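Residue strings, one per chain:
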Amino acid sequence: MSTILSPGDVKLRDGRSVDFANLDIAATAPCLRVVADAVAELLPFYGSVHRGAGALSERCTREYEQARETVADFLGARDGDTVVFTRNTTDALNLLARVVPEGAAVLTFDAEHHANLLPWKKTVHLDAPRSPQEAVAALEDALRRERCGLVSVTAASNVTGEVWPVTALADVAHRFGARLAVDAAQLAPHAPVDLTALGADYVAFSGHKVYAPFGAGVLAGRADWLDAAEPYLAGGGASAHVDDDAGVRWATGPARHEAGTPNLLGAVAIAAACRELAGADHPAERALVARLRAGLAELPHVEELRLFGPEAQRVGIVSFAVLGEDPGELATRLGRDHGIGVRTGLFCAHPLTRRLLAEATARLDPSAQAPAQAVRASFGLGTTQAHIDRLLAALR
Ligand code: PMP
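All figures in this text were calculated on a predicted structure; none of them were measured in a lab.

Parameters at a glance
- Residues numbered from 1 in each chain as written.
- Predicted model: local features only at pLDDT ≥ 70, side-chain atom pairs only at ≥ 80, totals over all residues.
- Heavy atoms only, no water.
- Salt bridge = Lys/Arg side-chain N within 4 Å of Asp/Glu carboxyl O.
- Helix = DSSP H or I, 4+ residues; strand = E, 2+ residues; numbered from the N terminus.
- Buried < 20%, exposed > 50% of the residue type's maximum accessible area, 1.4 Å probe, protein only.
- Domains from an automatic or database assignment.
- Contact = heavy atoms within 4.5 Å.
- Buried area = accessible area lost by both parts, 1.4 Å probe.
- Polar contact = N/O pair within 3.5 Å; in protein donor to acceptor, adjacent residues only side chain to side chain.
- Nonpolar A, V, L, I, M, F, W, Y, C, P; charged D, E, K, R; others polar.
- Pairing = 2+ DSSP bridges.
- Axes fitted to C-alpha atoms, helices over the stretch in contact; angles between N-to-C directions.

As for the pattern of salt bridges
Pairing is possible between side chains that carry opposite charge, provided their charged atoms lie close to one another.
And step 1. Within this structure, the stated rule accounts for 22 salt bridges.
And step 2. Arg-390 is the salt-bridge partner of Asp-19, the closest N and O atoms lying 2.8 Å from each other. Separated by 371 residues along the polypeptide, Asp-19 in strand S2 (residues 17-19) and Arg-390 in helix H12 (residues 385-395) bring together distant segments of the chain.
And step 3. When its relative accessible area of 36% is taken as the criterion, Asp-19 is described as partly exposed.
And step 4. Between Glu-359 and Arg-130 there is a salt bridge whose closest N-O contact spans 2.8 Å.

Following this line, the structure appears as structure tokens:
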């Protein structure tokens, strides 16, 4: 596995220097060296995509379309699926919301990141389930009662790191004539996200979370809704033909939703990351998750946030409540005194995080008031056991 570009040592308040423990990878991951190299290699040839003749444009157009193919392979896209480059996961899910056929309801659970809660026009919300099995049963029950065109679920929670039963949910959705979209923003950096294997109809993810921080994301999946909808942005590239009186024939395929000059470097960066992450297994990360959770369990003032049972499968994300500390001040002290970067807050999943904070606090001390924010440690490539141990020592 290629290395990560890291900032090296940072200076602490007491004058010591330590290597920075980046435990905020779920928010934005550092850059893979192969990604930076792929971008640097292309830069001397940087030119227009789909819009010119000459060596630069030919090369850039080729690289952009090759990036699309690499991403399609990475995602196990089926023949006929479309891969659209977007800005990020939020943009990808907003695009999907625009192409859902008029009047079709979209079902989500109240456990989603706001990017997968807010874009939908007509929605059916289900309570956050307490286990993967409950999620599947609740979906089946809901779809028996209510007709939906799309079910949109996270593949791995950005709050708890818990992995959702996407394949089983896709099976249920399909039985009731609905499609299934996967928000893979947090799974894609850690495990394969394969449309065919998962049986999902759409997948969205962000480049900056798969170690490719150049401003691009992806929506991939069934072409028919994408081709039937109005273009996401009206403009050049999306238009196949415009008359003198501004009558327009729109393009089909990815071009329909990629109007304007595309983010070539973002696409090339994502493709380089996909090549690197394809098929990667991350046993070291699983060991770090277990080590961190075991260490947190020993701290009397700390309790992890979880929706499912303690044995549920997780990616490298662990959020926790810390009693008796202001979360913001705690994060500042972790940074300035220990060289550790974490995230505090409600992680753009307000309903879920508030509820889990209250539950975690009650498990620790039923009479205590829940903190207003949680602390999240998230990790992946470049994280070491020493980083985890430093966090545990600091919290202790
Ligand atoms: N979904 C999940 C599960 C996420 O964790 C995030 C980012 N925190 C998003 C969607 C949105 O991603 P982006 O900010 O890259 O659009």
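Still more ground to cover, so stick around.
A short note on the domain arrangement of the protein
And step 1. In terms of domain boundaries, the protein breaks down into domain 1 (9-23 + 281-395) and domain 2 (33-277).
And step 2. Between the C-alpha centres of domain 1 and domain 2 the distance comes to 30 Å.
And step 3. Counting residues at the interface gives 28 residues for domain 1 and 26 residues for domain 2.
And step 4. At the boundary of domain 1 with domain 2, total buried surface from both sides reaches about 2300 Å², with 58% on carbon and sulfur atoms.
And step 5. If you look at where domain 1 meets domain 2, you find one salt bridge.
And step 6. Scanning the region where domain 1 abuts domain 2 turns up 15 residue pairs in polar contact (both at pLDDT 80 or more).
And step 7. Those elements that place two or more of their residues in the side of domain 1 that touches domain 2 are strand S14 (317-322) and helix H11 (350-364).
And step 8. In terms of residue count, H11 provides more of the side of domain 1 that touches domain 2 than any other element does, seven residues in total.
And step 9. Across the side of domain 1 that touches domain 2, the residue classes tally to 14 nonpolar, eight polar and six charged.

Quick notes on the sheet that holds strand S10 (residues 217-221)
And step 1. Taken in spatial order, the seven strands line up as S4-S10-S9-S8-S7-S5-S6 in an open sheet, and their pairing is mixed. In this open sheet, the two strands that pair with only one neighbour each are strand S4 (82-86) and strand S6 (123-126). Mean inter-strand twist for the sheet, computed between neighbouring axes without regard to direction, equals 20 degrees.
And step 2. Summarising the sheet, S4 and S10 pair through five bridges and their orientation is antiparallel. In the strand pairing of S10, Phe-85 is matched with Val-218.
And step 3. Across the sheet, helix H4 (residues 132-145) lies against strand S5 (106-109), S6 and strand S7 (150-154), angled at about 150 degrees from S5, the strand it touches most.

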